Amino acid sequence: GLKKDYLLLAPTTVGKRMEASVHSIPKHEGLNVHSIFPDAPGNDLLLILTNQEAALDLAPRWASGSGAVFRNHDSWSIRASAEMDHLLELFLLWAKGMCMYLHSRGYWADAIDPTTGFAFGLAGSQGRPVAGSKFDEVTAAHTLLGYPVEFCGVAPVISHPMWGTCCYPASMATAAPLQVIQDAFEEASTALSTAEAACTHSAHSELEHDWETGNGLPLLTLHQASYRTPSGNPALFDLSRLTVKENGSLLITGPSGCGKSTFVKVLAGLWPLSNGSLVGLSSSSRSSEGGPSVSPSTVVDVLYVPQDVYLGPGRTLRSILSYPFRTLEGFDDTTILGVLRDVGLLTVLNRMQGNLDAEAAWDSILSPGQKQRILFARILLQVPKLAVLDEGTSALPEKDEEGLYELLCKKGIARISVGHRPALAKFHDLLLHFHGNGSWDIQSKQTPRDFQQFT
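This structure is a prediction, so every number in the text was calculated from the model and none was measured. (Residues numbered from 1 in each chain as written. Predicted model: local features only at pLDDT ≥ 70, side-chain atom pairs only at ≥ 80, totals over all residues. Heavy atoms only, no water.)

Enquirer: Mind showing me how you'd approach the overall build of the chain here?
Expert: Scanning the chain from N- to C-terminus turns up twelve helices and 18 strands. Among the 455 residues that make up the chain, the fraction classed as buried is 50%. If you take every contact in the chain between residues at least 6 apart in sequence, the share linking residues at least 24 apart comes to 70%. Of the accessible surface of the chain, which amounts to about 20500 Å², a share of 50% is contributed by carbon and sulfur atoms. (Helix = DSSP H or I, 4+ residues; strand = E, 2+ residues; numbered from the N terminus. Buried < 20%, exposed > 50% of the residue type's maximum accessible area, 1.4 Å probe, protein only. Contact = heavy atoms within 4.5 Å. Areas by Shrake-Rupley, 256 points an atom, 1.4 Å probe, with all protein chains shown as cover.)

Enquirer: Where do I start with the pattern of salt bridges in this structure?
Expert: Going through the model one piece at a time under the given rule, you end up with ten salt bridges. Linking Glu-212 and Lys-245 is a salt bridge whose minimum nitrogen-to-oxygen distance equals 3.2 Å. Here the residue Glu-212 occupies a position in strand β8 (residues 211-213), and Lys-245 occupies one in strand β11 (residues 242-245), the gap between them amounting to 33 residues. Judged by its relative accessible area of 17%, Lys-245 is buried. Of the charged contacts, one joins Asp-400 and Arg-373 as a salt bridge, the two residues approaching to 2.7 Å between their closest N and O atoms. (Salt bridge = Lys/Arg side-chain N within 4 Å of Asp/Glu carboxyl O.)

Enquirer: Would you mind going over the side chain of Arg-318 with me for this structure?
Expert: As for its placement among the helices and strands, Arg-318 is situated in helix α7 (residues 317-322). When its relative accessible area of 16% is taken as the criterion, Arg-318 is described as buried. In terms of polar contacts, Arg-318 uses its side chain to reach the side chain of Asp-357, at 2.9 Å. Leave out the neighbours within four places in its chain, and Arg-318 touches Leu-328, Asp-333, Ile-336, Leu-356 and Asp-357. (Polar contact = N/O pair within 3.5 Å; in protein donor to acceptor, adjacent residues only side chain to side chain.)

Enquirer: Would you explain unusual backbone geometry in this entry?
Expert: Glycine aside, residues mostly have negative phi, and peptide bonds are mostly found in the trans state. For the bond from Tyr-323 to Pro-324, the omega torsion is 15 degrees, close enough to zero to count as cis. Even without glycine at this site, Gln-224 takes up a positive phi of about 50 degrees. For Gln-224, the location among the structural elements is in strand β9 (residues 218-228). Classification of Gln-224 as partly exposed rests on a relative accessible area of 32%. In this structure, Glu-391 is a non-glycine residue whose phi angle is positive, near 50 degrees. Within the fold, Glu-391 resides in the loop between β15 (386-390) and α12 (398-411).

Enquirer: Help me out: how do you make sense of the nonpolar core in this one?
Expert: Counting 42 residues, the largest nonpolar core has Leu-317, Leu-340 and Trp-362 as its most contacted members. Elements represented by at least two residues in this core include exactly β14 (302-305), α7, α8 (333-342), α9 (346-351), α11 (368-382), β15 and α12. The leading source of residues in this core is α11, at seven residues. With sequence-adjacent residues up to four places away left out, Leu-340 is seen in contact with Leu-317, Leu-321, Leu-345, Leu-346, Leu-349, Leu-356 and Ala-377. Within the second largest apolar cluster, 32 residues are counted, among which are Met-18, Leu-58, Leu-102 and Ala-188. (Core = buried A, V, L, I, M, F, W, Y, C linked by side-chain atoms within 4.5 Å.)

Enquirer: Would you mind showing me how to read empty space enclosed by the protein here?
Expert: Regions of empty space are outlined by a rolling probe, equal in size to a water molecule, passed over the atoms. All told, the structure shown has two cavities of 30 Å³ or more when counted by the stated rule. In this model, the largest cavity occupies a volume close to 60 Å³. As for the largest cavity, its lining consists of Glu-391, Gly-392, Thr-393, Ser-394, Glu-401, Tyr-405, Val-418, Gly-419, His-420, Arg-421 and Leu-424. Grouping the constituent residues of the lining of the largest cavity by class yields three nonpolar, five polar and three charged. Put simply, the second largest cavity is a space of about 30 Å³. For the second largest cavity, the full set of lining residues is Leu-49, Thr-50, Asn-51, Glu-137, Ala-140, Ala-141, Pro-169, Ala-170 and Ser-171. Class assignment of the residues belonging to the lining of the second largest cavity gives a composition of five nonpolar, three polar and one charged. (1 Å grid on protein atoms, 1.4 Å probe; cavity = no way out; pocket = protein on both sides within 12 Å on 5 of 7 lines; lining within 4 Å. Points joined across faces, edges and corners; volume = space filled by probe spheres on them. Nonpolar A, V, L, I, M, F, W, Y, C, P; charged D, E, K, R; others polar.)

Shown next as structure tokens:
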């Protein structure tokens, strides 16, 4: 039951996921509000406690024997941090509305930062808090509301009677009387409800969203996927269900070193997930001279185009176009030459006098841009269901890059691209942006937000 000694207004709903209660302030270590707000008038302050329902458990339950061990603590940490940031933002929005209303009626009011235990300074206070003074939200909820406390290995957390440890506490103080506080609740809660409804990128909503691109049969599906870079840094945490179907397209962007190329390795099965699952096509490629031949009737599931171009062991133009297969069978020279012209390799053809079987040291002859054109020629000849390109056009002018992607679109080849140029966005339906700390943002051309803001 609630403790009633200092309770003036029982927990009241002030938003879709927030409750607030009003209390007189007892003398208690950890609740020394007057020391935190030295400029506050008089001694008759009232304390307003709020609790918000979180989208996930905020208790760090990874200790052995706790009965609720998380599969991946890093995964929980990034999700919990994002959710707490979101709930703090909502509390601050509500507290600003409260303070604005109360200040306009001549009453002092300020909020407490739950992450530090110090004043937010919404009252324009200039006074310095008493040394060592710090407000403890857990102590406040336990002392004033009687909510139980759980100890989860690192720090105590509040266990709400309805939400358990999916609870985020935050508080404010004011010199206003109870009736004025209740009037302020109505004003501030309207703005809070609007913000809650408009916020589509909280940890809760984003984690539960199913993203799809393309139509037809699924080619690749990631579910709650997490992984780290080879250096051990968090790259991606709990990516909600993402499916690439036939004719689909996904663009990966983010700062250097955030794990974009590692993402390609994950898709290729060359790097493990630390959590979640990947269901996808297996590569039909072979990396040896003894690999199979590819013909116009061959069904190639997926073709990976790495950042570092490998032309293969062959010494003829025909052989490097067939890689990772051994030979091209059933493709007449006219078709092959036409593809080479389409990708802009006329100068190379002229050098070989149009002979596809002329031998040369291609790795030293071709420029980085020409090597990337070779990769696109492979894709256009082998026509995989899915092409995964890691900076596959980084050495090419932007205009040529657009021309090559237009060729992929005409062929109806599903594609996952890692890139940084804004022009790539128009050739992809989904954009997945890595922020560099494991967090991510995903959007589609169908959303009202600017699709190119992260490229």
